[in-house]
Amino acid sequence: MMDTTDTGVTARLEAKANKRAYTPVFKTADIMNQHNILVLNCGSSSLKFALIDPTSGEQPIAGLAERLGESLASISYKYQGKKVSLALPDADHQQACARIVELLRELDLEQVIGAIGHRVVHGGERFKESTRIDSQVIDAISDCQSLAPLHNPANLTGIRVAQHHYPDKPHVAVFDTSFHQSMPSEAYLYAIPYELYEQHGVRRYGFHGTSYRYVSQQAIERLQLNPQDNALLCAHLGNGSSAAAIRNGNSVDTTMGLTPLEGLVMGTRSGNVDPNLYDFLADQCGYSLQQTSRMLNKESGLLGVSGLSNDMRTLEQAESEGDERARLAINIYVFTLARQLAGLATSLGRLDALVFTGGIGENSSRIRQAVCDRLSILGLALDRQRNDSNGNQHKGIISADDSPHILVINTNEELMIARDTSALTTTA
């Protein structure tokens, strides 16, 4: 097994973990001598990027390429207080990443890049913390592609394009799976022959760990909870969605499993289905294993049910116009999320707060309301006015006064990646 331990990195990460981020108007001259981190966060259909000062959180430039692979693919970024949008029709991750490199060159920002930090979804059991990238690490990430077929290939694309353009800069991989290594064995093991775990690492890994690490720290700080005694439910809701139970800053349970397919209904992923569906579709429809896997990962979820889109914004608009299948897709999404959040609560013993994050969690008051209505059994209740404003002016708090805390926290995976990258590439 590969040893990815960097002596002292944990202490350095913890020392930086409590620094808060802000994004002031940026002037080029202010950062010419700073150790800025270029962060590339490749999602299944998006690519977030930012140049970040890991100490202050200042972002000279930050942006998002979204709807990649579609005719509506685009890139938008904020620079010196101005927001710019560019069409990138049908662009894939490689083309989007190359365009970001061009953009940094055009804006004369390449010279202030000290290192590049990459989000990597799946690290298996090899990577228990962030690590500097070399050829062995790339091979190990590649070995995990079958465990995260929508993400690890995109993550590798970002790494390879960035290494091609910045061969003399250090590159660091930050793994979504590492946060969940604290789960107890009863939470991460499947009830299948134990030898499959021993010999092949078949277990629940969990994902969105970088996001959970950030929002749980923020929730503890905003609510002034005891860092050594707190209990949180967190829901990271986007094209990929998951939920986690976090006790005292550590993951104790989560919905995603061996791969990001398990758990909640997502944009194009089914979430939980009967495992015998593979046999059924083979017998009844002649599906191969590959066809069923593709269907469950890329043709199911919100897209599969609605027949319209994997984007919640599109479905909410269609629902408001009377589209019945859009309404059905949203209802299934909400039902599944509420049911699994209630189940995760059994791993906590008590509930201090429920946190919504991710693109849907941060922006859809409709989804938050519907989920919390179903979770009244846990005593959860929203303040509708606060919910409608996404918790603005209330530190993200959207709960009613007599309810356990419910918060909307904008995730900042990029800042966490920048801090980990800085810790591994800067001499203490």
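This section reports on the structure supplied with the text. Throughout this document, residue positions are counted from 1 along each chain, in the order its sequence is written. Local features in this predicted model are restricted to residues of pLDDT 70 or higher, and side-chain atom pairs are both shown and tallied only at a pLDDT of 80 or more, whereas totals for entire chains, interfaces and linings draw on every residue. Just so you know, side-chain values use all the structure's heavy atoms and leave hydrogens and water out.

Points about the packing of aromatic side chains
Part 1 of the argument: Working definition: rings of Phe, Tyr and Trp (its six-membered ring) pair if their centres are within 6.5 Å, and the pair is stacked with planes under 30 degrees apart, edge-to-face with planes over 60 apart, and tilted otherwise. Applying the stated criterion to the full structure yields three aromatic pairs.
Part 2 of the argument: Following the ring pairs from residue to residue traces out a cluster consisting of Tyr188, Tyr194 and Tyr197.
Part 3 of the argument: Cation placement over rings: the criterion is NZ of Lys or CZ of Arg within 6 Å of the ring centroid and within 35° of the ring normal. A cation over an aromatic ring shows up here: Arg203 above the ring of Tyr188, its NZ or CZ 3.9 Å from the ring centre.

Some words on the nonpolar core
Part 1 of the argument: One finds Leu233, Tyr333, Leu341, Leu354 and Val371 to be the most contacted residues of the largest nonpolar core, which totals 38 residues.
Part 2 of the argument: Numbering of helices and strands starts at the N terminus; helices are DSSP runs of H or I of at least 4 residues and strands are runs of E of at least 2. A per-element tally of this core places helix α12 (residues 324-344) first, with nine residues.
Part 3 of the argument: Here, residues are in contact when the closest pair of their heavy atoms is within 4.5 Å. Once residues lying within four places of it in the same chain are set aside, the contact partners of Val371 are Val334, Leu337, Ala338, Leu341 and Phe356. Put simply, buried Ala, Val, Leu, Ile, Met, Phe, Trp, Tyr and Cys residues joined by side-chain atoms within 4.5 Å make one nonpolar core. When a residue's accessible area, from a 1.4 Å probe over protein chains only, is under 20% of the maximum for its type it is buried; when over 50% it is exposed; and in between it is partly exposed.

As for the packing of helix α11 (residues 312-320) against α12
Part 1 of the argument: Where α11 contacts α12, the axes come no closer than 8 Å and their chain directions differ by 125 degrees. Here α11 lies oblique to α12, going by the angle between them. For α11 against α12, the interelement crossing comes out left-handed. Contact residues: Met312, Leu315, Glu316, Ala318 and Glu319 in α11; Ala326, Arg327, Ala329, Ile330 and Tyr333 in α12.
Part 2 of the argument: When its residues are assigned to classes, the contact of α11 with α12 shows seven nonpolar, no polar and three charged. Lines are fitted to the C-alpha atoms to define the axes, a helix being fitted only along its stretch in contact, and any angle between axes, read from their N-to-C directions, falls within 0 to 180 degrees. Each angle gets one of four labels, with under 35 degrees taken as roughly parallel, over 145 as roughly antiparallel, 65 to 115 as roughly perpendicular, and the rest as oblique. Should the near helix be turned counterclockwise from the far one by less than a right angle, the crossing is left-handed, whereas a clockwise turn marks it as right-handed. In this classification, the charged set is Asp, Glu, Lys and Arg, the nonpolar set is Ala, Val, Leu, Ile, Met, Phe, Trp, Tyr, Cys and Pro, and all remaining amino acids, among them Gly, are polar.

Re the sheet that holds strand β9 (residues 231-237)
Part 1 of the argument: The rule for pairing is simple: two strands pair if DSSP sees at least two bridges between them. Here we have five strands laid out as an open sheet, ordered β11-β10-β9-β12-β13, and mixed in their pairing. Every interior strand has two partners, whereas the edge strands, β11 (250-254) and β13 (405-408), have only one. Mean inter-strand twist for the sheet, computed between neighbouring axes without regard to direction, equals 25 degrees.
Part 2 of the argument: Where β9 and strand β12 (residues 353-357) come together, five bridges link them in parallel fashion. Bridge assignment links Leu232 to a residue of β12, and that residue is Ala353.
Part 3 of the argument: The strands touched by α12 are β9, β10 (241-247), β11 and β12; relative to β9, the strand with the most contacts, the crossing angle is about 155 degrees.

Overview of the pairing of β10
Part 1 of the argument: Taking burial as the measure, the seven residues of β10 include six buried ones, the bulk of the element.
Part 2 of the argument: In terms of strand pairing, β9 meets β10 through seven bridges, oriented antiparallel. Pairing of Ala231 across the sheet is with Arg247, part of β10.
Part 3 of the argument: Remark: three residues form the turn of the hairpin made by β9 and β10, two consecutive strands paired antiparallel.
Part 4 of the argument: Hairpin connection from β10 to β11: two residues lie between these consecutive antiparallel strands, with Asn248 at a positive phi of about 55 degrees.

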